[in-house]
Structure formats: C-alpha cells, structure tokens
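The primary structure of each chain is shown beneath.
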Amino acid sequence: MTYPAFIKSNLGLLADVLLGVPEPSELDENGCFSKRSCDEIEVLLLKFIEKEIKAFYMPDEVGHGTNPNNKWRTASSLQKAIRYGLDDHAQFTVSALFDMDKSYAMKRLAVIAVEDCLMGNPLYTAASLAILGHAAWRKTLDERRLLIWLAGKLAEGLKDRTAVNLCVWAGVEDLVPKDEWAKATDEQLIATMMNREFTYGQRMCAAWLLAGTKRFLGGGFPDTNDRRPTALFRTMVEIGVPRLLLYISAKTCSRLGDAMFATIPLVHELLDECTEDWVEENEIYPQKVGKLLGAAYDKHTREGKIAISRFFGSCKAMKPFMKAAPASAKDFLQGICIFQAEGGVLGRRYVYGQHCDEVTNRARGPSRFKVLGDLAAEYVPTIRENLPELNEIRGNVLWAALQKK
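Residues numbered from 1 in each chain as written. Predicted model: local features only at pLDDT ≥ 70, side-chain atom pairs only at ≥ 80, totals over all residues. Heavy atoms only, no water.

A. Summary view of the overall build of the chain. Broken down by element type, the chain carries 22 helices and 4 strands. For 405 residues, the compact-globule estimate of 2.2 N^0.38 gives 22 Å, and the C-alpha radius of gyration of the chain, at 21 Å, lies within 12% of that figure. In the chain, which comprises 405 residues, the proportion classed as buried is 58%. Restricting to contacts in the chain with at least 6 residues of sequence separation, those with at least 24 account for 77%. Carbon together with sulfur atoms contributes 51% to the accessible area of the chain, which is approximately 17,600 Å² in total. The averaged location of the 52 negative side-chain charges in the chain is 7 Å from the averaged location of its 52 positive side-chain charges. (Helix = DSSP H or I, 4+ residues; strand = E, 2+ residues; numbered from the N terminus. Rg over C-alpha atoms; globule rule 2.2 N^0.38 Å. Buried < 20%, exposed > 50% of the residue type's maximum accessible area, 1.4 Å probe, protein only. Contact = heavy atoms within 4.5 Å. Areas by Shrake-Rupley, 256 points an atom, 1.4 Å probe, with all protein chains shown as cover. Lys, Arg positive; Asp, Glu negative; His and termini not counted. Charge placed at Lys NZ, Arg CZ, Asp CG, Glu CD.)

Next comes the structure, spelled out in structure tokens:
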C-alpha cells in the first residue's frame, strides 16, 4: 500500500494499525471485516479520544440554543463553519445545537465528518463514527465538552468531499441504464466497479447498486434492488482496503445508513495510486446574518429558501441567467448554485491528484448548468460577486420572521 505521507501523519501513532490490512482471523464467515474487528478498532479510537481531550480547554463562551425552531439553520451554520475552517463558530454552533437536540448534534457531526472531511482528516472522521456509537461513554467525558472539542478538530483539519462527489457523479450519470444494471449479478457489478475503462461515475453506479439501492436509495436508482452489501464489503477486503477505511465504511453503513460507504473501494484506489497531492486554498464567505453564518440560510431552511427566491427575482446581475433557464430548471439552478457558490466551499481542501480533481469537476463544474448554454461558466462566479446582496435579503427575511413571533 502506498498511501500519501499526509494520511500516515494524520493518523500518528495509530497509522501502523489503521493502515494495515486485516489478517484472516479478523474476517467473518463471509470474508468481510468482522464486527469483532471493528469493535477492536473502536476501542483504540476511544482510548485515543480520552487521551486527546484531557488537554482541551473549553471556550470562554459557549453557545446556548434556547429556541428549537432554530435547529435546522444552526446545524447548517455548524456544517458551513467546519467546511470553512472556522473552529470558533463551529464550537459555538454545536454547543447551541446540543441544547436543542443533543442526539441530533452528535449524528450531524458524524455526517459532516464523512461528507466533508473523509480523505482530508481521516482520523477524526473515524473518531466521529466511534463517538456516535457510545452514548453512555460520551456522558463520562461531559458530552457537551466532547462535542465542542470534536467540532473544533473537524473545523481546523483539512477537508475533502470526494466521496460525496462520487455519489453526485453517479446520480447524474445518464449513460448508465440503472434499472438494467440493477438486474446484474454481484460478480458483474464488481467487474464493472473495478474496470478502469469505465468512468468514475459509471464505476460508482456499480458500487452503489452493490450496496443495495432499496435501502440506500438515491441518485435515480431503483428501489427494487434489495441485495445485501455483503459482496461489496468482501471485495473491499480482497482489493486490500486497510482497517481504517473498512471501519469507516462499516460504521457509515450501520450508524449513518448512508450510501457513501459504497465509495470506499474507489476512495482506496485514489489514495493508493496517488502520485501527487496538494492543499487547495479557497475563498470563504464568513459574513453573518444574526448570530449564524449567512451561508446557513440555504435551500434546506425556510428563511433561506424565501431569501434565495427573492434574490433571484430582484438581483439585476442574475436576470440574464434566469431568462436563459427553462422554467422547469429554475428551482434546481437556484438551490444548487447557492451551495456551489457559497455553502459547499471547502476553505482548505486536500487534493489527491488529477483524478480527484476530475471527480470534483464533474460533480461541481459548469456541466451541471448546461441548460444555461454559453452563460454556464459565469453562473457561479456571478452569484459569488453578489453574495452581499443575498445576505442583506437574508437579514430582512430573518427580521420579518422574528417580528411575527
């Protein structure tokens, strides 16, 4: 295995164990990394956390959430803070979210870790999944303090959304007849997943189908494909996926119920064959609306959806784009564009070679906006130029909402 040096340094003293491949005794009767072996990895991670948190001092002021109606936008602000690398705001928002729904706050941190930090901060991604599975243990460390510590670690570390972007590519891959592929055998899907002549999007379609798209639905896949993911997990072992990613895959499946565990064979390949890596620095958008980041008011929050609609209706710079867009595509273009222009930006992204860039560009590039024709390439940059106007509208919407209560 030839993972980049950064991965090894991120794992520190746990690197030798976590980057090793399992012995035959660590497998179950199906040839998969066993539950007992996952439990052993989890013990190592929990001991590491107990040691690390001893040196952690709580912030002078912690956030407190007094209104449960703010739960979704507070969680949204937490995720954007972690993406941007704003550890102070991440700690403030996770503490406020803890008051509103502490179980949700913990699960949201684990989701954020897998979505935004997987290949950029693998140790704390694994730690997030370990913490999620031990409610009683969390209380022995002061649960609020533990979550504030974890949010800070995720925020200050490097980021990576390759797993999500693989899923996005598979979802928009229109060259795959997904209903037909769902009828293929496990062996046929494995062969497709490992075939370098297919694109990453096509190979990810095969991996997702191997996971079983009745349980892990999405991406336009049929809900009749009820196969179990056993063959996928066994293949991970056979191609040399290390304990770290086997553990992350197993717990993303069982604790988050998220299809991103199916990306692990391709994530392993990208890491194992990486010949160059670098850190990409991106402009972030930390302007606040009230106590939360403006970016928190996205299409998934009520106030955010109202503000986005008003922005596209009133901003002069956006009118040519909306005029060029088919009516049926406008809601999609408005929602996804705000994410790509602002909320989905990673402040410091770790890039593992050109193939990772290929995956990212396919999921986030102008091809997603091809209905805009020649205007597609200028769409996201134009939104970024006009974010101050959007945030002013968000502030007005928030103020009006508060006056009604």
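B. Structural detail: empty space enclosed by the protein. Using the criterion set out here, one finds 1 cavity of 30 Å³ or more in the structure. Every residue lining the largest cavity is listed: I7, L118, M119, P122, L245, V267 and L271. Residue composition of the lining of the largest cavity, grouped by class: 7 nonpolar, no polar and no charged. (1 Å grid on protein atoms, 1.4 Å probe; cavity = no way out; pocket = protein on both sides within 12 Å on 5 of 7 lines; lining within 4 Å. Points joined across faces, edges and corners; volume = space filled by probe spheres on them. Nonpolar A, V, L, I, M, F, W, Y, C, P; charged D, E, K, R; others polar.)

C. Here's a closer look at unusual backbone geometry. A positive phi angle, near 75°, is found at D142, a position not held by glycine. Mapped onto the elements of the fold, D142 is located in the loop between helix 8 (135-140) and helix 9 (143-156). Judged by relative accessible area, D142 falls into the partly exposed class, the value being 40%.

D. Summary view of the packing of aromatic side chains. Scanning the entire structure with this criterion turns up 12 aromatic pairs. With 4.2 Å between their ring centres and 20° between their planes, F6 and Y350 make a pair best called stacked. One end of the pair, F6, is in helix 1 (residues 5-11); the other, Y350, is in strand 4 (residues 348-351), with 344 residues separating them in the sequence. With relative accessibility at 18%, the residue F6 sits in the buried group. Assessed through its relative accessible area of 9%, Y350 is described here as buried. Here F233 and F261 contribute two aromatic rings whose centre-to-centre distance is 5.3 Å and whose plane-to-plane angle is 20°, an arrangement assigned as stacked. (Phe/Tyr/Trp six-rings, centres within 6.5 Å; stacked < 30°, edge-to-face > 60°.)

E. Fine view of the pattern of salt bridges. Using the criterion set out here, one finds 23 salt bridges in the structure. Several salt bridges converge on common partners, so that one network encompasses R196, R203, E269 and E273. (Salt bridge = Lys/Arg side-chain N within 4 Å of Asp/Glu carboxyl O.)

F. Looking closely at the environment of S76. In this structure, S76 sits in helix 4 (residues 71-84). Classification of S76 as buried rests on a relative accessible area of 3%.

G. Examining the environment of G63 more closely. With respect to the secondary-structure elements, G63 resides in the loop between helix 3 (35-53) and helix 4. Under the relative-accessibility criterion, G63 is labelled buried at 1%. C-alpha of G63 to C-alpha of T185: the two residues are 122 residues apart in sequence and 51 Å apart in space. Residues within four places of G63 in sequence aside, it is in contact with F92, S95, A96, D99 and R144.

H. Structural detail: helix 5 (residues 87-100). The terminal C-alpha atoms of helix 5, which comprises 14 residues, lie 20 Å apart, in line with the 20 Å expected from a rise of 1.5 Å per residue. Burial analysis of helix 5 places 10 of its 14 residues in the buried class, the great majority of the element. Inspection of helix 5 places H89, A90, Q91, T93, V94, S95, A96, L97, F98 and M100 among the buried residues, and these make up the whole buried set. (Expected span 1.5 Å × (residues − 1).)

I. Examining the layout of surface pockets more closely. There is about 800 Å³ of room inside the largest pocket. If you go around the largest pocket, you meet 31 residues; those closest to its centre are E115, R161, V164, H300 and F339. Sorting the residues of the lining of the largest pocket by element identifies helix 4, helix 6 (102-116), helix 10 (162-172), helix 19 (330-343) and helix 20 (353-364) as the ones contributing at least two each. Taken together, the residues of the lining of the largest pocket sort by class into 12 nonpolar, 9 polar and 10 charged. Size it by volume and the second largest pocket reaches roughly 570 Å³. Looking at the lining of the second largest pocket, the elements with two or more residues in it are helix 3, helix 14 (230-238) and helix 15 (243-256). Among the residues making up the lining of the second largest pocket, the classes are represented as 11 nonpolar, 7 polar and 8 charged.

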